[in-house]
Amino acid sequence: MSLQRPLLALLKPSPTSTICFRCARRLAQAAQHGNRPLHQTTRRRQIAALKADGVDKSFFWANAFRDREQSTGVAAQSTAARPEDRSGSAKVETVAGISPAEQEQEPPHRRRKRIKAEATAAEILDVPLPPDASSSLSRSAEAAPARSIRRAMSIYLALTKPRLAFLIVLTTTASYSIYPVPALLSTMATDAPSLSTLTLLYLTSGTFLAIASANTLNMLFEPQHDAKMSRTRNRPLVRGLVSKRSALIFAIATGLVGVTLLWEGVNPTTAILGASNIALYAFAYTPLKRIHPVNTWVGAVVGAIPPLMGWCAAASQYSTTNASVTNVASIWEESKELLFTEQAIGGWLLAALLFAWQFPHFFALSHGVRHEYASAGYRMLTSTNTPMAARVSLRYSLAMFPICAGLSYHQVTDSSFVVTSSLINGWMLKEAVRMWWYNAERGSARALFWASVWQLPIVLVLAMVQKRGLLERVKRGIVGDEEEEWVVE
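Below, the discussion takes up the overall build of the protein chain. Helix and strand counts for the protein chain come out as 23 helices and two strands. Of all 489 residues assigned to the protein chain, the portion counted as buried reaches 41%. With the model as given, the accessible surface of the protein chain reaches about 27600 Å², and the carbon-plus-sulfur share is 61%.

Following this line, the structure appears as structure tokens:
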């Protein structure tokens, strides 16, 4: 029995009768659906877009509903359009964890909620890592005119790994500025302890050239492995923008000039630390990457040396030992005074801060490309044992708290630094706990990576601002000294 004929009769009123717009709309809707039997409903189901369709599949998942017959026709047309797929079954994308039968019975509101959650998770996981600075400079150099200064500068700057070099120079400079200058040695004119600006210039220049040499040697030793990873396949040596001979000459030149600047402009101890950093990074860390996951610990030592260099550079200005190239014993005496006395504890604490920071930072960074590391032949902990990498990241994130407290305890910073640094350290610890809890899944590794990116510079800036006695001197400079009492005889 069909309702179409009576309803159509109602839609044709007599000339003397009237009907409101609402009733007319309801009658029209009833007439439109009246051709459907009362005892049968049309079976509808949600369909997925085929991979070969040029339509956004989210539209079909979110909104489109088609009859079973219509979807069958679409699949048939798609099969006919692709003769190479006739032998195999049609490839249809389905939602992970949801069977086709459950998709048919899933209520619309739950489907929309599920799709929104999956889209958010995909957005978190699919955000690409920051591009390698050397790779970006290589592409810029390739686009520049041949034999141009711009091309040459881009190529050789790419060999230095500028982002990593800038971070190392930053930690060295921060350690230099955090060093607590003895108040007894303050200048009488300004009544404010100060450090030499010229020494700082030698320190930053020499450190940058030393790390440029180490990074160039690192690229020189493994271009065939860099070619297997998406983040490093565009580096200059991989793309053939510079010859190995030119890269080697550049590495030797920057290393010699950098160490010389540190020796002559700062002190021999800082120069020895810079030279040892080149050797550790190029000849210990680089080959260990393909041998054992312990390479990360060796790399952490490399990252911990620059703060010691900055500390020694500042401490040598008030040292009582004058080292000489011709007198090896004087160099040893200077090194003991700068590195193995009670005044050197602050430098070792800053080195420990950088050592501990590198584990949550690197493990969170390498987790996203752990399969590429494995295929390239690198033995990284995130590739061989992700749960252990998460535990190590959590362990060293916890170590940030006693290290920062030690800076205040040994009077490098004010006591308020314990509170302010704990806030930012707590943020990184929270993300490290999430990475450990979720085994680096659900975007937890990426969240820890960005937390570590911000944590280190913020803690260093806080240490410089809350340097021991700095705020008191600033307050004294603004307000002025207490009024002197005049004695009338």
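When pLDDT is averaged along the protein chain, the result is 80; 74% of the residues meet or exceed 70. Low confidence marks residues 184-193, where pLDDT is under 50. Its contacts with residues over four positions away, or in another chain, come to 13 contacts.

Further remarks concern the nonpolar core. Counting residues in hydrophobic clusters, the biggest one holds 89 residues, and the most contacted among them are Leu159, Leu237, Leu353, Phe363, Tyr373 and Met435. Once residues lying within four places of it in the same chain are set aside, the contact partners of Leu159 are Ala212, Asn215, Thr216, Met219, Pro236, Leu237, Val242, Ala247 and Phe250.

On to the layout of surface pockets. To find the voids left in a structure, one rolls a probe of water-molecule size over its atoms. Each pocket or cavity is described by its volume, and for the largest pocket that value is around 1300 Å³. What lines the largest pocket is a set of 43 residues, and nearest its centre among them are Arg163, Leu164, Leu167, His361 and Leu365. Contributions of two or more residues to the lining of the largest pocket are made by helix H7 (133-143), helix H9 (162-178), helix H10 (197-221), helix H14 (268-288), helix H15 (295-315), helix H17 (345-367) and helix H22 (444-465). Considering each element in turn, the lining of the largest pocket owes the most residues, seven residues, to H9. Residue composition of the lining of the largest pocket, by class: 26 nonpolar, nine polar and eight charged.

On to the side chain of Thr413. Note on placement: Thr413 falls in the loop between helix H20 (386-409) and helix H21 (416-437). Of the residues examined, Thr413 reaches a relative accessible area of 0% and is grouped as buried. Among all residues touching Thr413, those that are not within four sequence positions of it are Leu407, Ser408, Ala463, Gln466, Lys467 and Arg468.

Inspection of the entire model under this criterion finds 16 aromatic pairs. Taken together, a centroid distance of 5.3 Å and an interplanar angle of 70° make the contact between Phe355 and Phe359 edge-to-face. Here Phe355 and its partner Phe359 are both found in helix H17, four residues apart, which amounts to about one turn of the helix. Judged by its relative accessible area of 22%, Phe355 is partly exposed. Classification of Phe359 by relative accessible area gives buried; the value is 0%. Seen from their ring centres, Trp436 and Trp437 are 6.1 Å apart, and the 65° between their planes marks the pair as edge-to-face. A relative accessible area of 63% places Trp437 in the exposed class. The structure contains a cluster of three or more aromatic residues connected by ring pairs, namely Trp297, Phe355, Phe359, Phe362, Phe363, Tyr373, Tyr378 and Tyr396. The side chain of Lys289 reaches across the aromatic face of Tyr378, ending 4.7 Å from its centre.

On to empty space enclosed by the protein, then. Applying the stated criterion across every chain yields a total of one cavity of 30 Å³ or more. Looking at the largest cavity, its volume works out to about 60 Å³. Lining of the largest cavity is provided by Ile168, Thr207, Ala210, Ile211, Ala214, Gly274, Asn277, Ile278, Pro306 and Met309. At the level of elements, H10, H14 and H15 are the ones that each hand at least two residues to the lining of the largest cavity.

A word on the packing of H10 against H15. The interhelical angle for the contact between H10 and H15, taken along N-to-C directions, is 155°, at an axis separation of 10 Å. When the axes of H10 and H15 are compared, the pair comes out roughly antiparallel. Of the two possible hands of crossing, H10 and H15 adopt the one that is right-handed. Where H10 abuts H15, its residues Thr199, Leu203 and Thr207 lie against Met309, Gly310 and Ala313. Here the residues of the contact of H10 with H15 are counted per class, giving three nonpolar, three polar and no charged.

Our focus in this paragraph is the pattern of salt bridges. As enumerated under the stated definition, the model contains seven salt bridges in all. Close ionic contact of Arg239 with Glu142 constitutes a salt bridge, the shortest N to O distance being 2.1 Å. On the criterion of sequence distance, the pair formed by Arg239 in helix H12 (residues 236-239) and Glu142 in helix H7 is long-range, its members being 97 residues apart. Where Glu431 meets Arg434, a salt bridge forms, and the shortest distance between an N and an O atom there is 3.2 Å. Here the residue Glu431 and the residue Arg434 both occupy positions in helix H21, the gap between them amounting to three residues, near one helical turn. A residue is classified by how much of its surface remains accessible, and Glu431, at 9% relative accessible area, is buried. Connected via shared salt-bridge partners are Glu222, Lys289 and Arg290.

Here the focus is the packing of H10 against helix H13 (residues 244-265). Close contact between H10 and H13 brings their axes to 7 Å; oriented N to C, the two are set at 155°. Considering their axes alone, H10 and H13 lie roughly antiparallel with respect to each other. Regarding H10 and H13, the two cross each other, and that crossing is left-handed. Tallied by class, residues from the contact of H10 with H13 come to 14 nonpolar, 10 polar and one charged.

What counts and what doesn't
- Residues numbered from 1 in each chain as written.
- Predicted model: local features only at pLDDT ≥ 70, side-chain atom pairs only at ≥ 80, totals over all residues.
- Heavy atoms only, no water.
- Helix = DSSP H or I, 4+ residues; strand = E, 2+ residues; numbered from the N terminus.
- Buried < 20%, exposed > 50% of the residue type's maximum accessible area, 1.4 Å probe, protein only.
- Areas by Shrake-Rupley, 256 points an atom, 1.4 Å probe, with all protein chains shown as cover.
- pLDDT = per-residue confidence, 0-100.
- Contact = heavy atoms within 4.5 Å.
- Core = buried A, V, L, I, M, F, W, Y, C linked by side-chain atoms within 4.5 Å.
- 1 Å grid on protein atoms, 1.4 Å probe; cavity = no way out; pocket = protein on both sides within 12 Å on 5 of 7 lines; lining within 4 Å.
- Points joined across faces, edges and corners; volume = space filled by probe spheres on them.
- Nonpolar A, V, L, I, M, F, W, Y, C, P; charged D, E, K, R; others polar.
- Phe/Tyr/Trp six-rings, centres within 6.5 Å; stacked < 30°, edge-to-face > 60°.
- Lys NZ or Arg CZ within 6 Å of the ring centre and 35° of its normal.
- Axes fitted to C-alpha atoms, helices over the stretch in contact; angles between N-to-C directions.
- Parallel < 35°, antiparallel > 145°, perpendicular 65-115°, else oblique.
- Left-handed = near helix turned anticlockwise from the far one by under 90°.
- Salt bridge = Lys/Arg side-chain N within 4 Å of Asp/Glu carboxyl O.

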